[in-house]
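Now for the letters of each chain:
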Amino acid sequence: LAEAEHEVWLDARRREITALDHARGVSQALRSVDSLQELTRSVVHHLPGLGIRRFFMATFEPEASAPTASARIVVAYRGNRVDESVTGLVYRSAGLLPADLAGELAGGVLVLQPLRVGRFQHGFMLYDQPVSHAVAGDALRRDVSACLDGMARRHELAREQDAVQHVVVSRTRRLTVE
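Since the model is a prediction, treat every value here as computed from it, not as a measurement. (Residues numbered from 1 in each chain as written. Predicted model: local features only at pLDDT ≥ 70, side-chain atom pairs only at ≥ 80, totals over all residues. Heavy atoms only, no water.)

1. Points about the pattern of salt bridges
We apply this condition: Between Lys or Arg on one side and Asp or Glu on the other, a salt bridge is scored when a side-chain nitrogen of the former is within 4 Å of a carboxyl oxygen of the latter. Between buried and exposed lies partly exposed: a residue is buried under 20% and exposed over 50% of the maximum accessible area for its type, with that area taken using a 1.4 Å probe on protein chains only.
Per the stated rule, a full pass over the model turns up 7 salt bridges. Of the charged contacts in the structure, one is a salt bridge between Arg78 and Asp83, with a shortest N-O distance of 2.5 Å. With a relative accessible area of 25%, Arg78 lands in the partly exposed category.

Structure below.
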């Protein structure tokens, strides 16, 4: 009996190490991501290795720094494939998932993780994950949050640069006329 228990324990540790290796792979892959499409493609690629069978990610509008009344599904992954029919769907975020996916909330336990950095919340993800892989799931949340935050900051910087350029052009025109 003790040997069987030891084998079960060893097997659980092996699965946990494998999941952590995949989480490290996600982290490395997300360092070079420049778009939401690249982010979702990279995350989906690593989900099987993390032991995640169902994964849903929703984002708030890029300008929002806090949860908003509506969210957009950017990934709906179930049965080892992405459900493109609901990707891009905007819905009331209070329901966690749109009506087309509401049945997923009744089928087992889904972990809810906010995608936030500091006071900025960019969205959330829902996923099922074995308890032994909780550290890998938390790493996924941290890395996806950081990636979304970087994209939001680049978007804000581009808007500010456009505004400054507009002011410079406008003032240059006025000076030229004078």
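Text resumes after the structure shown.
2. Observations concerning the nonpolar core
Here is the rule we go by: Residues enter a nonpolar core if they are buried and are Ala, Val, Leu, Ile, Met, Phe, Trp, Tyr or Cys, with the set joined through side-chain atoms within 4.5 Å. Helix and strand assignments come from DSSP, with helices taken as H or I runs of at least 4 residues and strands as E runs of at least 2, each series counted from the N terminus. The contact criterion used is simple: two residues touch if any of their non-hydrogen atoms lie within 4.5 Å.
Ranked by internal contacts, the top residues of the largest apolar core, which has 26 residues, are Leu39, Val43, Leu47, Phe55, Met57, Leu140 and Val144. Mapped by element, the contributors of at least two residues to this core are helix 1 (2-30), helix 2 (36-46), strand 1 (54-59), strand 2 (70-78), strand 6 (120-127) and helix 3 (134-177). Looking at which element gives the most residues to this core, the answer is helix 3, with 7 residues. Setting aside chain neighbours within four positions, we find Leu47 in contact with Ile52, Phe55, Tyr77 and Leu140. Ala58, Ala76, Val86 and Leu110 belong to the second-largest nonpolar core, a separate cluster that totals 13 residues.

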